Amino acid sequence: QVQLVESGGGLVQAGGSLRLSCAASGRTFSSNYMGWFRQAPGKEREFVAGIKWSGGNTYYADSVKGRFTISRDNAKNTVYLQMNSLKPEDTAVYYCAASSFVSIWYRPREYDYWGQGTQVTVSS
């Protein structure tokens with residue numbers, strides 16, 4: 001059992017920045033893989049970025065590569081998503097997810113635990 005709580009969403013203008021946080025609690029030892037996904041109204045959940053706790057391997061969707069950075073703080077059991085150069089198309093609810101293992105890092109069904117989501121709105 002793992003609990004994930006996202007925070008840091010908000011309203012920003014295009015070109016601005018936000019940093020999302022995902023605090024993990026419970027049986028965090030099982031959360032070997034962490035991911036950020038986003039979902040806009042009427043659309044499927046979309047992979048944004050992922051990180052492996054051990055080693056810190058990171059993965060990014062092409063749409064955010066070079067603009068977003070995923071990182072983790074082991075002592076705080078927290079994963080971050082630094083979002084720079086935000087675009088209106090980045091507007092979505094952003095979800096933190098965790099899994100003991102993933103075969104395909106961009107597939108939502110690979111992840112066992114999900115946070116409640118935090119809204120990110122980017123105005124033009």
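For the structure itself, consult the block above.
Reading the values: rules and limits
- Throughout, a residue's number is its position along its own chain's written sequence, starting from 1.
- The model is predicted, so local features are restricted to residues of pLDDT at least 70 and side-chain atom pairs to those at 80 or more, both for listing and for counting; the totals for chains, interfaces and linings are taken over all residues.
- Working from all heavy atoms in the structure, the side-chain values ignore hydrogens and water.
- Numbering of helices and strands runs from the N terminus; a helix is a DSSP stretch of H or I covering at least four residues, while a strand is a stretch of E covering at least two.
- Only protein chains enter the accessibility calculation, which uses a 1.4 Å probe; a residue is then buried when its area is under 20% of its type maximum, exposed when over 50%, and partly exposed in between.
- By the convention used here, strands pair only if DSSP detects at least 2 bridges between them.
- Put simply, a nonpolar core is a bunch of buried Ala, Val, Leu, Ile, Met, Phe, Trp, Tyr and Cys residues held in one set by side-chain atoms that sit within 4.5 Å of each other.
- Whether two residues are in contact is decided by their heavy atoms: any pair within 4.5 Å suffices.
- Lines fitted to C-alpha atoms define the axes, with helix axes restricted to the stretch in contact, and inter-axis angles between N-to-C directions lie between 0 and 180 degrees.

Visitor: Before we go on, may I ask you to explain unusual backbone geometry in this structure?
Guide: Glycine aside, residues mostly have negative phi, and peptide bonds are mostly found in the trans state. Although it is not a glycine, asparagine 77 adopts a positive phi angle of roughly 50°. Along the chain, asparagine 77 turns up in the loop between strand E7 (68-73) and strand E8 (78-83). A relative accessible area of 29% places asparagine 77 in the partly exposed class. In this structure, serine 85 takes a positive phi of about 50° despite not being glycine. Counting through the fold element by element, serine 85 comes out in the loop between E8 and strand E9 (92-99).

Visitor: Help me out: how do you make sense of the pairing of E8 in this one?
Guide: Successive side chains on a regular strand alternate, one facing one side of the sheet and the next facing the other. Burial runs high along E8: 5 of the 6 residues are buried. Bridging between E7 and E8 involves 6 bridges; their strand directions are antiparallel. Looking across to E8, one finds that arginine 72 is bridged to valine 79. Count of turn residues in the E7/E8 antiparallel hairpin: 4 residues, of which asparagine 77 carries a positive phi of about 50°.

Visitor: Honestly, the nonpolar core in this entry has me stumped. Any pointers?
Guide: Generally speaking, a soluble globular protein has its nonpolar side chains buried in company with each other. Formed by 35 residues in total, the largest nonpolar core has its most connected members in Met34, Trp36, Leu81, Met83 and Tyr94. No other element matches the 5 residues that E9 contributes to this core. Excluding anything up to four places from it in sequence, methionine 34 contacts Leu4, Cys22, Ala49, Gly50, Ile51, Trp53, Ile70, Val79, Cys96, Ala97, Ala98 and Tyr111.

Visitor: Explanation requested: the sheet that holds E7 in the structure shown.
Guide: Sheet strands pair via backbone hydrogen bonds, and the direction of the pair is either parallel or antiparallel. Across the sheet, 4 strands lie side by side as E1-E3-E8-E7; this open sheet has antiparallel pairing. Strands with a single pairing partner mark the edges of an open sheet, and in this sheet they are strand E1 (2-7) and E7. Ignoring strand direction, the axes of neighbouring strands in this sheet form an average angle of 15°. Relative to strand E3 (residues 18-26), E1 runs antiparallel, the two sharing 6 bridges. Of the residues in E3, the one forming a bridge with glutamate 6 is cysteine 22.

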